[in-house]
Amino acid sequence: MARTSFTKAEKSWILYDVGNSALVLLATSVIPIYFNSLAAADPAVEKVAVGAWGTAETVASLIIALLMPVLGSIADMQGMRKKFIIGTVGAGAVATVAMGFPSTWLPFLVVYVISAVMLNSSFVFYDALLVDATTDERMDEVSAQGFAWGYVGSCIPFIVCLLVVLNYAKLGLSFQTAMLVAFVITTIWWVAFTVPMLRNVEQRSFKPYEEGAIGKAVRGITGTLKDIWADPALRWFIIAYFFYIDGVHTVIKMSTSYGANLGIDGTQLVLNLTACGNGAFRIRVMLDGPYANDTWHGREIALIDVPAGAPKEAVSRYVADFIGEMNFLQIDGKTLAVRPEHVRVKP
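An account of the accompanying structure is given in this report. (Residues numbered from 1 in each chain as written. Predicted model: local features only at pLDDT ≥ 70, side-chain atom pairs only at ≥ 80, totals over all residues. Heavy atoms only, no water.)

Observations concerning the overall build of the protein chain
Then, in step 1: On a plain count of helices and strands, the protein chain comes out with 13 helices and five strands.
Then, in step 2: When each of the 347 residues of the protein chain is scored for burial, the buried share is 39%.
Then, in step 3: Long-range contacts, defined here as pairs at least 24 residues apart, represent 75% of the contacts in the protein chain between residues at least 6 apart.
Then, in step 4: In the form shown here, the protein chain has an accessible surface area of approximately 19,600 Å², with 64% of it arising from carbon and sulfur atoms. (Helix = DSSP H or I, 4+ residues; strand = E, 2+ residues; numbered from the N terminus. Buried < 20%, exposed > 50% of the residue type's maximum accessible area, 1.4 Å probe, protein only. Contact = heavy atoms within 4.5 Å. Areas by Shrake-Rupley, 256 points an atom, 1.4 Å probe, with all protein chains shown as cover.)

Some remarks on a nonpolar patch on the surface
Then, in step 1: Together, L234, F237, I238, Y241 and Y244 give the surface a local cluster of nonpolar side chains, amounting to about 510 Å² of exposed area.
Then, in step 2: By the secondary structure assignment, Y244 is in helix α11 (residues 232-261). (Patch = residues over 30% accessible without salt bridge, like charges linked within 9 Å, V, L, I, M, F, W, Y side chains within 5 Å. Salt bridge = Lys/Arg side-chain N within 4 Å of Asp/Glu carboxyl O.)

Quick notes on the side chain of R81
Then, in step 1: For R81, the location among the structural elements is in helix α4 (residues 81-98).
Then, in step 2: Among the polar contacts made by the side chain of R81, one reaches the side chain of D132 at a distance of 2.6 Å. (Polar contact = N/O pair within 3.5 Å; in protein donor to acceptor, adjacent residues only side chain to side chain.)

A word on the side chain of S73
Then, in step 1: Relative to the helices and strands, S73 is located in helix α3 (residues 49-75).
Then, in step 2: Sequence-distant contacts of S73, that is, excluding residues within four places in its chain, are made with A217 and I221.

Here's the deal with the pattern of salt bridges
Then, in step 1: One pass over the structure, following the stated rule, counts five salt bridges.
Then, in step 2: D132 is paired through a salt bridge with R81; the nearest N and O atoms lie 2.6 Å apart. One end of the pair, D132, is in helix α6 (residues 130-133); the other, R81, is in helix α4, with 51 residues separating them in the sequence.
Then, in step 3: In this structure, a network of salt bridges that share partners links the residues E10, R138 and E141.

A few points about the environment of W190
Then, in step 1: Inspection of the secondary structure puts W190 in helix α8 (residues 175-192).
Then, in step 2: The buried category is assigned to W190, whose relative accessible area is 0%.
Then, in step 3: Taking the C-alpha atoms as reference points, W190 and A93, 97 residues apart in sequence, are found 7.8 Å from one another.
Then, in step 4: Among the polar contacts listed, one links the side chain of W190 to the side chain of Y16, at a separation of 3.1 Å.

A short note on the environment of E10
Then, in step 1: Tracing the backbone shows E10 in helix α1 (residues 8-39).
Then, in step 2: Along the sequence, E10 and D132 sit 122 residues apart, while their C-alpha atoms lie 9.1 Å from each other.

What about the packing of α1 against helix α7 (residues 139-166)?
Then, in step 1: Taken N-terminus to C-terminus, the directions of α1 and α7 make an angle of 45°; their axes are 6 Å apart at the nearest point. Accordingly, the angle class assigned to the pair α1 and α7 is oblique. For the pair α1 and α7, the sense of crossing is right-handed.
Then, in step 2: Counted by class, the contact of α1 with α7 contains 15 nonpolar, eight polar and two charged residues. (Axes fitted to C-alpha atoms, helices over the stretch in contact; angles between N-to-C directions. Parallel < 35°, antiparallel > 145°, perpendicular 65-115°, else oblique. Left-handed = near helix turned anticlockwise from the far one by under 90°. Nonpolar A, V, L, I, M, F, W, Y, C, P; charged D, E, K, R; others polar.)

Let's talk about the packing of aromatic side chains
Then, in step 1: One pass over the structure, following the stated rule, counts 14 aromatic pairs.
Then, in step 2: With a centroid separation of 4.8 Å and an interplanar angle of 50°, the aromatic rings of Y16 and Y126 are classed as tilted. Taken as a pair, Y16 in helix α1 and Y126 in helix α5 (residues 105-128) lie far apart in primary sequence, 110 residues in all. The exposure classification of Y16 matches that of Y126, with both residues buried.
Then, in step 3: On the basis of an interplanar angle of 35° and a centroid distance of 4.7 Å, the ring pair of W53 and Y112 is categorised as tilted. Of this pair, W53 sits in helix α3 while Y112 sits in helix α5, placing them 59 residues apart in sequence.
Then, in step 4: For W53, a relative accessible area of 0% corresponds to the buried category.
Then, in step 5: By way of ring pairs, the aromatic residues Y34, F108, Y168, F175 and F183 are connected into one cluster.
Then, in step 6: Cation over ring: R235 sits above W229, and NZ or CZ is 4.9 Å from the ring centre. (Phe/Tyr/Trp six-rings, centres within 6.5 Å; stacked < 30°, edge-to-face > 60°. Lys NZ or Arg CZ within 6 Å of the ring centre and 35° of its normal.)

Right, dumping it as structure tokens:
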């Protein structure tokens, strides 16, 4: 029987995602708005604030891209994973708190880039520790749990930060002081959820460290790149994924800054971006499957609007009634019989 409970090492590994996701969410929503407020104080930069923010994100991404292969090689070496997690999280924590001190846009961007690079660098060693925290059979499940709990857990400090930032005047604080408080809260959360992983996950898989091992590992990157380029499927996958994920991150990182530049109120931007919405959602039911012909394949056959606050039992009953043994739908004067295995639910 498959084990359903998580070991202490697995739980500790999952908790790191809960910790670092708070900074990821803050960087996606609140930090770009704060940067815009700093840029607005400089007439020369105010009109190009989106470009300045985009440049900083690009610089951070380039540094991370150049560092990743080297850090990945180091992560394979004996005793390096936890040491570098301590180093990257420690430096990132200092940089995150330091973002609350600059009163002008350029020093702020410099510190932000350092924080972003340290955060993303820590992911290399965090991901490498997954093989030490669990077994091959449970790796996917544990990784998915980390991803999921990261989203859930990040909302807790984020909500606290929002209450401080959105109500700074009522609290008798300046906007800069409120942001400093938010940075401190986020940093404490990040560091606190790093400690269990450092205490409970031991590096068990590694290459023995030897003199000049780091240099050899770095030189070995060239061989790896040649192997990737020699495999057409892998080569095109890497190229396609690069453009895909770069586009995704561009939307995530730039949306708030762009919205603020358009004049959308910062409070509205943050509240629309937060994962803690009002609970309403829509389900589009599309026809799919081996028996769907060109006329029906991919066609929307139902639209389910679930209002906020709807009882879970009622929603479950509605969906169960729709996706039953056989569904008969009247579309364009025709009766369509649909088996449940040929229906896919699309958000």
